[in-house]
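Coordinate analysis (summary)
Chain by chain, the residues:
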Amino acid sequence: MTRTAIVAALHDELASVLALMPDEHRQVVGGREFWVGHLHGQDVVAVLSGIGKVAAATTATLLIRSFGVGRIVFTGVAGGLGPGVKVGDVVLARAFLQHDMDASPIFPRHEVPGYGRARFDADPGLADALELACERMLHTLPQHLDPAVVHAFGLQAPRLHQGLLLSGDRFVATTGESQALQRELPDALAVEMEGAAFAQVCHDFGMPLAVVRTISDRADDLAHVDFPRFLREVASRYSGAIIEALFEN
Ligand code: ADE
């Protein structure tokens, strides 16, 4: 049976995944706690990614080399960039790019040296399965959320977006930087700090990867206000519901 890695970005998200696992046991490797067990009868290992690209790359490598996973599913939050990508929407990555990779003029801007490319793809089949899970979750979302929270964040009609996800070692929290990213990479939907690092490692090892991110903020001057509140009140509900829908299928 293929073992699935479930990677969470935040403690609350990991807690909502562990709540679905009846028999997990903890193994510590490289200072990370890996939770090995089952979810809906399937072999899984759940872990926090760590924040930033280096932590994420190490976690991805350990999942592949020390825990023998056969596919990786990542759930977390991101800042919305694309027009219409609102707080409470969900972004399913079909491609990844490191927005802070810049070895120019030796290599083209954003190209990862040694790879001849800037963009890495999600696994189409795994992303399709996650797409179904997201659609199901968004359908039943009102049951997972407090009506006051739905009202406060304007979560009435959350949408699923699919496309390019950016990663970099920076929390994007100014309107200026957000606009610069949108100008430079007009098809980018959202920005976070780990997905593209997972994608590069998964490319190296031929490992299927899919990443889903709930939009917690608009990566603008208000991001530092919206982000912590969203984490507390909303994000963990999304992750648990998406992972449950994925494994029910
Ligand atoms: N994760 C959630 N919001 C983010 C932002 N604005 N920048 C980087 N990572 C994020």
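Here we summarise the structure given alongside this text. Note that the coordinates shown come from a computational prediction; the quantities given were computed from them, not determined experimentally.

Take the site of the ligand next. Taken together, 13 residues lie near the ligand, and Gly79, Phe171, Val172, Glu192 and Asp217 sit nearest. One of the backbone nitrogen or oxygen atoms of valine 172 is found 2.8 Å away from a nitrogen atom of the ligand. Aspartate 217 is positioned with one of its side-chain polar atoms (N or O) 2.7 Å from a nitrogen atom of the ligand. Breaking the shell around the ligand down by element, the ones donating at least two residues are strand 5 (71-80), strand 9 (188-192) and strand 10 (209-217).

With that out of the way, let us pick up the pattern of salt bridges. This structure, assessed with the given rule, holds 13 salt bridges. In this structure, arginine 213 engages glutamate 194 in a salt bridge whose closest nitrogen and oxygen atoms are separated by 2.9 Å. A residue pair is termed long-range when its members are at least 10 positions apart, and arginine 213 in strand 10 and glutamate 194 in the loop between strand 9 and helix 6 (195-205) qualify at 19 residues. For arginine 213, a relative accessible area of 1% corresponds to the buried category.

In terms of residue burial, strand 10 counts as a mostly covered element, since nine of its nine residues are buried. Here strand 6 (residues 90-98) runs beside strand 10; their pairing, made up of three bridges, is antiparallel. Counted as the bridge partner of valine 90 is threonine 214 from strand 10.

Residues spaced three or four apart along an α-helix face the same direction, because each turn holds 3.6 residues. The buried fraction of helix 6 is high, at eight of 11 residues. Along helix 6, the residues classified as buried are Gly195, Ala196, Ala197, Phe198, Ala199, Gln200, Val201 and Cys202. Glycine 206 sits one or two positions beyond helix 6 and adopts a positive phi of about 60 degrees.

Another aspect to go through is the pairing of strand 3 (residues 32-39). For strand 3, the tally of buried residues reaches six of eight residues, placing the bulk of the element in the interior. Of the pairings in the sheet, the one linking strand 2 (residues 25-29) to strand 3 comprises five bridges and is antiparallel in character. What sits directly across from histidine 25, in strand 3, is valine 36. Between the end of strand 2 and the start of strand 3, which pair antiparallel, lie two residues, with glycine 30 showing a positive phi angle near 60 degrees. As judged from the five bridges shared by strand 3 and strand 4 (residues 42-48), these two strands associate in the antiparallel manner. Paired with histidine 38 across the two strands is aspartate 43, which belongs to strand 4. Once strand 3 ends, the chain turns through two residues before running back antiparallel as strand 4, passing histidine 40 with a positive phi of about 50 degrees.

Procedures and definitions
Residues numbered from 1 in each chain as written. Predicted model: local features only at pLDDT ≥ 70, side-chain atom pairs only at ≥ 80, totals over all residues. Heavy atoms only, no water. Near = heavy atom within 4 Å. Polar contact = N/O pair within 3.5 Å; in protein donor to acceptor, adjacent residues only side chain to side chain. Helix = DSSP H or I, 4+ residues; strand = E, 2+ residues; numbered from the N terminus. Salt bridge = Lys/Arg side-chain N within 4 Å of Asp/Glu carboxyl O. Buried < 20%, exposed > 50% of the residue type's maximum accessible area, 1.4 Å probe, protein only. Pairing = 2+ DSSP bridges.

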